[in-house]
Amino acid sequence: EMLRSLVGSEMCIRDRSISMKRYPYIYRKGAKSMMEPMKYELEELLYQMGIYLVQAGYAVVVEAAALAVEEPERLQSLTQEFYPEVGRRCRCTWNCAERSLRTATAQAWECNGALISELAMRKITQPPTAGDFLCILRHALLRKKNTEA
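Residues numbered from 1 in each chain as written. Predicted model: local features only at pLDDT ≥ 70, side-chain atom pairs only at ≥ 80, totals over all residues. Heavy atoms only, no water.

S.K.: Describe the nonpolar core, and please don't skip the residues or the numbers.
M.R.: Counting residues in hydrophobic clusters, the biggest one holds 37 residues, and the most contacted among them are L46, M49, I51, F82, V86 and L101. Of all the secondary structure elements, the ones that give two or more residues to this core are α3 (39-48), α4 (58-70), α5 (78-90), α6 (94-120) and α7 (130-148). Among the elements that make up this core, the one with the highest residue count is α4 (9 residues). Ignoring sequence-local partners within four residues, the contact set of V86 consists of V60, A64, L67 and A97. (Core = buried A, V, L, I, M, F, W, Y, C linked by side-chain atoms within 4.5 Å. Buried < 20%, exposed > 50% of the residue type's maximum accessible area, 1.4 Å probe, protein only. Helix = DSSP H or I, 4+ residues; strand = E, 2+ residues; numbered from the N terminus. Contact = heavy atoms within 4.5 Å.)

Take a look at the structure:
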């Protein structure tokens, strides 16, 4: 009955609690990972690339970027190690994780290909692969972290 009486900004509070249940890997409280200090920078980059929180694959992209920063050796074997781990963390199949990353990469290229080239520190003339996109994001996040230190 209480849910039916919520309106306006109260609805956002209810929706956020549902989102936290559905996507706990985005809203990890107290997670002390290597990625934690870079979370804001990642979200800012994704926003500038047209990849928004409301998109279905957003959580997969965030988790994949975190894994790329924390365990870069997994990028050497995308289909054998990387995508299955992202799928496990996001509670989806590895195929779903791969598809979400490819879709996000295409969206980022379409919305702001110039930013991708800037982050890669070279001119990119065609859309990057999902693996290349993750490597570019990882490098940009680590570069930003090192310049702040």
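S.K.: Can you lay out α5 for me, pointing to particular residues and giving the numbers?
M.R.: Listed as buried for α5 are F82, Y83, E85, V86, G87, R89 and C90. Next to the buried residues of α5 lie α4, α6 and α7. Backbone geometry just after α5 places R91 at a positive phi near 60°.

S.K.: Which residues make up the packing of aromatic side chains, and what are the values?
M.R.: A complete count under the given rule lists 2 aromatic pairs for this structure. The interplanar angle of 75° and the centroid separation of 6.1 Å between the aromatic rings of F82 and Y83 together place this pair among those described as edge-to-face. Per residue, the accessibility class of F82 equals that of Y83, and both read buried. (Phe/Tyr/Trp six-rings, centres within 6.5 Å; stacked < 30°, edge-to-face > 60°.)

S.K.: For the environment of V62, give the residues involved together with the corresponding values.
M.R.: Counting through the fold element by element, V62 comes out in helix α4. C-alpha of V62 to C-alpha of E43: the two residues are 19 residues apart in sequence and 7.9 Å apart in space. Setting aside its immediate chain neighbours within four residues, V62 contacts L42 and L46.

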